[in-house]
Amino acid sequence: MLTTLMVLATSAVLFALGATGVMLRRNPVAMLMCVEIMLNAGNLVLVLGSRARGNDGGQAAALVVLVIAAAEAVVGLGLALVLFRNREPVDVDEPRTVRG
Amino acid sequence: MDSLFPPVAAACVVAFASGLMVVAARGAIRAVVALLAHSLAIAALYALLAAGLVAVGQLLIYSGAIVVVFLFVVALLPPGGRQLGSQPVRVTAGVVVGLVLLGALITGLAPAVGGTQLVAADTAIGSVAGVGRQLFEYDKLLVPFELTAPLLLVAIIGAVSLWRRQEAQS
C-alpha cells in the first residue's frame, strides 16, 4: 500500500515537473528532455499497474511507449538541430572537436 | 510496511531529484547527465516492480540510445550559444500549470490507490514469455506494436530529410 502510494505519487510529481519544465525552458533540447521525464512518469504508472493487477499488459504497453519515445527523440532532436543551425552556422562536417 | 519500500523509496527520491535537476540545470551537459541518472533510477524502479524486461529496455533504449543522442546534439550545438533566460511571466505560468496538473493528477489517481496491494512476489508477472504474449497476440497489442516499426522508419526518414533540406539550402 505504502509502496504503491510512493510510486504513484512520484510519477504524478514527475509528470507535473516535466510539464513545468516544458513551459519554463526555451531551449528546444531542454524542452525535449522534460518531455522525456513526462514519458517516464507515464511509463511508471503502466508498470505499477501491471504489478498491482498481476497482468503483463501494462509492461507490454510500457515497451511500446519506450519505442515511441525513441522515435520522438530522433525527430525532436533533428528539429532542434535545424533550429540552431538557422541561427548560427553548425556544420556536422566542420567541427573537429566535440565540446559541451 | 513491506521489504520493498526502502529501495523503492530511495529510487523514487533519486528519480525526483535528478528530474528536478533536468528542469532547473543551467548547462545543457548537466541536464543530460541528470537525465541519465533519472533514467537509471526509473530502470531500478522497474526492476523493483518485477518488470525485468522493461527495465532492460529502459537501460538499453533510454540510458543507452536516447541519452547518447542528447549528448551528441548538445555537443554539436554552437559553443557558448546564448542561453535565453526565463522571463518571470513564463516562470509563473509554468509553476501554475505544473501545480494545477499535479492537483488534477492527484485527484484523478487517488481513487485508484484505495486498497491497491502489490501482488506479493508473483514470479508469473514480468516474464519475457508473458510480456511477449501480450505484444504478439492479435487481440492485445499486436497492431500498436507492429505500427511502431513504420513509425521508427518514418522518424528516421524525417530526421534525414530535415537535414538534407538544410544541406541543399546552404
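Description of the structure in this document. Keep in mind the model is a prediction, meaning the values are calculated, not measured.

1. Some remarks on the overall build of chain A
So, step 1. Helix and strand counts for chain A come out as 3 helices and 0 strands.
So, step 2. When each of the 100 residues of chain A is scored for burial, the buried share is 58%.
So, step 3. Contacts in chain A between residues at least 24 apart in sequence constitute 53% of all its contacts with a sequence separation of at least 6.
So, step 4. Accessible surface computed for chain A: about 4,000 Å², of which carbon and sulfur atoms make up 65%.

2. Section: the packing of aromatic side chains
Residues and elements named next belong to chain B.
So, step 1. For the coordinates displayed, the defined rule picks out 1 aromatic pair over all chains.
So, step 2. Note on Phe136 and Phe145: the rings are 5.1 Å apart at their centroids and 85 degrees apart in plane angle, and the pair reads as edge-to-face.
So, step 3. By relative accessible area, which is 24% here, Phe145 ends up partly exposed.

3. Concerning the pattern of salt bridges
Residue and element names in this part refer to chain B.
So, step 1. For the structure on display, the rule yields 1 salt bridge over all chains.
So, step 2. With a closest N to O distance of 3.0 Å, Lys140 and Glu137 form a salt bridge.
So, step 3. For Lys140, a relative accessible area of 39% translates into the label partly exposed.

4. As for the side chain of Glu36(A)
So, step 1. With respect to the secondary-structure elements, Glu36(A) resides in helix α2 (residues 28-53).
So, step 2. Owing to a relative accessible area of 0%, Glu36(A) belongs among the buried residues under this scheme.
So, step 3. Polar side-chain contacts of Glu36(A) include one of 2.6 Å to the side chain of Tyr62(B).
So, step 4. Those residues in contact with Glu36(A), other than ones at most four positions away along the chain, are Ala69(A), Glu72(A), Ala73(A), Leu35(B), Tyr62(B), Ile66(B) and Phe70(B).

5. Here we look at unusual backbone geometry
All names here are of chain B.
So, step 1. The phi angle at Ala50 is positive, at roughly 65 degrees, despite the residue not being glycine.
So, step 2. Within the secondary structure layout, Ala50 lies in the loop between α2 (28-48) and α3 (52-76).
So, step 3. Given a relative accessible area of 25%, Ala50 falls into the partly exposed group.

6. Quick word on the interface of chain B and chain A
So, step 1. Listed per partner, the contact involves 91 residues of chain B and 74 residues of chain A.
So, step 2. Counting the surface lost from both chain B and chain A, the interface buries some 7,800 Å², and carbon and sulfur atoms represent 75% of this.
So, step 3. The largest per-residue losses of area from chain B upon contact with chain A belong to Val23(B), Phe70(B) and Trp163(B), which jointly make up 9% of the total buried on that side.
So, step 4. One can count 0 salt bridges joining chain B with chain A.
So, step 5. Linking chain B with chain A are 3 residue pairs in polar contact (both at pLDDT 80 or more).
So, step 6. Residue assignment for the side of chain B that touches chain A shows that the elements contributing at least two residues are α1 (5-24), α2, α3, α4 (88-113), α5 (128-136) and α6 (142-169) of chain B.
So, step 7. Top element by residues in the side of chain B that touches chain A is α3(B). It accounts for 13 residues.
So, step 8. Class assignment of the residues belonging to the side of chain B that touches chain A gives a composition of 65 nonpolar, 21 polar and 5 charged.

7. Quick notes on the environment of Val29(A)
So, step 1. Looking at the element boundaries, Val29(A) is found in helix α2.
So, step 2. Residue class for Val29(A) comes out buried when judged on its relative accessible area of 1%.
So, step 3. Excluding its chain neighbours within four sequence positions, the residues that come into contact with Val29(A) are Leu77(A), Ala80(A), Phe84(A), Phe70(B), Val73(B), Val74(B) and Leu77(B).

8. Quick word on the nonpolar core
So, step 1. One finds Val7(A), Val29(A), Met33(A), Tyr46(B) and Phe70(B) to be the most contacted residues of the largest nonpolar core, which totals 61 residues.
So, step 2. Ranked by residues supplied to this core, first place goes to helix α3 (residues 57-87) of chain A with 14 residues.
So, step 3. Setting aside chain neighbours within four positions, we find Met33(A) in contact with Val22(B), Ala28(B), Ala31(B), Val32(B), Leu35(B) and Phe70(B).

Conventions adopted
Numbering of residues starts from 1 in every chain and runs along the sequence as written. Chain labels run from A onward and ligand labels from 1 onward, assigned in the order the entries are written. Since the coordinates come from a predicted model, pLDDT governs what is reported: local features require at least 70, and pairs of side-chain atoms require 80 or more to be given and counted, while whole-chain, interface and lining totals use all residues. Only heavy atoms go into the side-chain values, all of them from the structure, while hydrogens and water stay out. Numbering of helices and strands starts at the N terminus; helices are DSSP runs of H or I of at least 4 residues and strands are runs of E of at least 2. Relative accessibility thresholds used throughout: buried, under 20% of the residue-type maximum; exposed, over 50%; partly exposed, between the two (1.4 Å probe, protein chains only). Here, residues are in contact when the closest pair of their heavy atoms is within 4.5 Å. The Shrake-Rupley method, run with a 1.4 Å probe sphere, supplies the accessible areas, and residue values consider only the shown protein chains as cover. Aromatic rings from Phe, Tyr and Trp, taking only the six-membered ring of Trp, are treated as a pair when their centres fall within 6.5 Å; an angle between ring planes under 30 degrees marks them as stacked, one over 60 as edge-to-face, and anything in between as tilted. A carboxyl oxygen of Asp or Glu within 4 Å of a side-chain nitrogen of Lys or Arg is what we treat as a salt bridge. For this analysis, a polar contact is any N or O atom pair within 3.5 Å, provided that within protein one partner can donate a hydrogen and the other can accept it, and provided that sequence-adjacent residues contribute only side-chain to side-chain pairs. Here the buried area means the combined drop in accessible surface, using a 1.4 Å probe, for two parts upon being joined, counting both sides. Three residue categories are used. Nonpolar comprises Ala, Val, Leu, Ile, Met, Phe, Trp, Tyr, Cys and Pro, charged comprises Asp, Glu, Lys and Arg, and polar comprises the others, including Gly. Residues grouped as a nonpolar core are buried Ala, Val, Leu, Ile, Met, Phe, Trp, Tyr and Cys residues, joined through side-chain atoms within 4.5 Å.

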